[in-house]
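Descriptive analysis of the structure
Below, each chain spelled out in residue letters.
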Amino acid sequence: MKKRITAFIFILTVLFSLPIIEKMPEYTVYGADTVWSYRSQLSEQEAVLYDEMSEKFQGGSASFTYSFPTALEFESTQEAQTKIREMFFRAYEAFYRDHPQIFWIGKSNITISPQGVQEGNKIKVSNADVSVEFTSITELAEKQQALEAKVQEIIKNAGASDFDKVRAFHDYLTNNCQYDEPAAQTPKNYPLSYEAFGALVYGNATCEGYSKAFKLLCDRAGISCVLVGGNAGGESHMWNYVQVDGAYYLVDATFDDPVGGEPRYTYFLKGKGSTPEYVNQGSFTQNFNPHFTDPALSQEDYPLPDMSQKPSIVSAETPNEDKDPCQINYTRTRNGNLSIQYTYSSGSLDNGQIVPYGIVLKIVAFPNAGYQLESISVDMGGTTKTIEKGVSYLTVTSDCEVSASFKKTA
């Protein structure tokens, strides 16, 4: 006699009707085809799940039903819960680590709902419903194109050797990305700052965004690189291991961000012996240990050349005395506050103020009571850009007009 068992729901999240995601844009991968992948550490069944997740989640489906080729058999409901949980979460963890280009999935909100029947003393599970939460999906196709365009632009100017490319990627991030303190304090309000998109397109990110951006650039360049998470100096952190000349080294672009001035190389291509403060820890996505093995880190630091020589790629958007200065104009509004600020000092710029070409400015827009931010519009050099968050960064390369609109809270 068969008895249907209620689905075992491991993590419950509320799902809404979501727009269809367009096909991922074409991209070019340079160099070697072989890069480190956590998929290689999965069982055969887990690898099939990984591939299914990759196809569905990148193709625009926030949920799907996975049918096992042969029903899985367990001694008890508890055993079924434990083993299926581990199987699906390991597949999802590997998928998440291997896909830094995906910026629209809430990493911790995955629901696994196995469907089982009881036959005698056995529990048989034939399928499971899988769902994740999509975030940051407004104008998604345009955002995908913008990210891939930026990645290809950086890679094509990054030099010939793996070392030149890795240095160029590190320096691009430390020159062009700002650490997003508001996002670090309130993650749910700034999801893109935890993604490669935030680091490369918006120019502001947390350590997770820096690390994903660095991995994405390495992946596209055919350089083996992984995300590593845990603690650094006693604080939660994310960084990278990257392979150069046959060995893996630690790179931490977040900690090397100079906050003004020249790039630092304190945490660039470091070995295990010089980075005891970095401690790897378990899962990025769930509260469990996937038992993955990271690449073995070189004991010694990489023998760096003279780093005073300029890298192959430098920021095309850093202040440049040879370029004409730019004028900043902005429109105030009755229903909120808009200010343009220097990144590293307090106080607002005056309307019509002249600033150096290439400087990075901070845009801050906050609504009055009863209103919410609708959008910030930046018109620079004849191109209009729409920004959706209240705190953002702008690299000035031409005269620009900035305005903000607010709407009544529903």
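Here, every reference points to the structure presented above.
Read on for a plain summary of the structure. Only a predicted model underlies this, so the values are computations on that prediction, with no experimental measurement involved.

To continue, consider the packing of aromatic side chains. Scanning all chains against the criterion turns up 19 aromatic pairs. Both rings, one in Phe103 and one in Trp104, keep their centres 5.1 Å apart while their planes meet at 90°; by these two values the pair is edge-to-face. This pair shows no difference in class: Phe103 is buried, exactly as Trp104 is. Ring geometry for Tyr249 against Tyr302: centres 5.4 Å apart, planes inclined by 90°, an arrangement best described as edge-to-face.

Here we take up the sheet that holds strand E8 (residues 235-244). Strand order in the open sheet formed by five strands is E10-E9-E8-E7-E11, with antiparallel pairing between adjacent strands. Each end of this open sheet is capped by a strand with a single partner; those strands are strand E10 (268-270) and strand E11 (278-280). The average undirected angle you get between the axes of adjacent strands in this sheet is 50°. Where E8 meets strand E9 (residues 247-251), five bridges bridge the pair, whose relative direction is antiparallel. Bridge pairing links Val244 to Ala247 in E9.

On to the environment of Val132, then. As for its placement among the helices and strands, Val132 is situated in strand E4 (residues 122-134). When its relative accessible area of 0% is taken as the criterion, Val132 is described as buried. Along the backbone, Val132 and Ile105 are 27 residues apart, and their C-alpha atoms lie at a distance of 6.9 Å.

Attention now moves to the pairing of strand E3 (residues 105-119). Note that E3 and E4 share twelve bridges and pair antiparallel. Bridging from a neighbouring strand, Ile105 pairs with Phe134 of E4. Between E3 and E4, which follow one another and run antiparallel, lie two residues, and Gly120 among them has a positive phi close to 65°.

This brings us to the sheet that holds strand E12 (residues 326-331). The five strands lie next to each other as E14-E12-E19-E16-E17, forming an open sheet whose pairing is mixed. The sheet terminates laterally at strand E14 (353-355) and strand E17 (383-387), the two strands that pair on one side only. In this sheet, adjacent strand axes meet at a mean angle of 25° when their direction is disregarded. Pairing geometry for strand E16 (residues 371-380) and E17, over five bridges, is antiparallel.

All chains considered together, the criterion is met by 15 salt bridges. The residue Glu46 makes a salt bridge to Arg90 at a minimum N-O spacing of 3.0 Å. With Glu46 in helix H1 (residues 44-59) and Arg90 in helix H2 (residues 77-98), this pair connects stretches of sequence that are 44 residues apart. An identical accessibility class is assigned to Glu46 and Arg90; each is buried. Salt-bridge contacts for Glu153 lead to Lys150; the nearest nitrogen and oxygen are separated by 3.7 Å. Pair noted here: Glu153 and Lys150 are both in helix H3 (residues 140-156), with a separation of three residues, about one helical turn. The exposure class assigned to Glu153 is partly exposed, which follows from its relative accessible area of 41%. By sharing partners, the salt bridges in this structure join Glu73, Glu119 and Lys124 into a single network.

Glancing now at the nonpolar core. A general tendency of soluble globular proteins is for nonpolar side chains to be buried together. By size, the foremost hydrophobic cluster in this structure holds 84 residues, and its most contacted members are Phe88, Leu200, Val242 and Leu269. With nine residues, H2 is the single largest residue contributor to this core. Ignoring any residue separated from it by four or fewer positions in sequence, one finds Leu200 in contact with Leu147, Lys150, Val151, Ile154, Tyr172, Leu173, Ala213, Leu216 and Leu217. Counting 23 residues, the second largest nonpolar core, distinct from the first, contains Leu349, Val355, Ile387 and Leu394.

Each value, and the rule that gives it
- Residues numbered from 1 in each chain as written.
- Predicted model: local features only at pLDDT ≥ 70, side-chain atom pairs only at ≥ 80, totals over all residues.
- Heavy atoms only, no water.
- Phe/Tyr/Trp six-rings, centres within 6.5 Å; stacked < 30°, edge-to-face > 60°.
- Buried < 20%, exposed > 50% of the residue type's maximum accessible area, 1.4 Å probe, protein only.
- Pairing = 2+ DSSP bridges.
- Helix = DSSP H or I, 4+ residues; strand = E, 2+ residues; numbered from the N terminus.
- Axes fitted to C-alpha atoms, helices over the stretch in contact; angles between N-to-C directions.
- Salt bridge = Lys/Arg side-chain N within 4 Å of Asp/Glu carboxyl O.
- Core = buried A, V, L, I, M, F, W, Y, C linked by side-chain atoms within 4.5 Å.
- Contact = heavy atoms within 4.5 Å.

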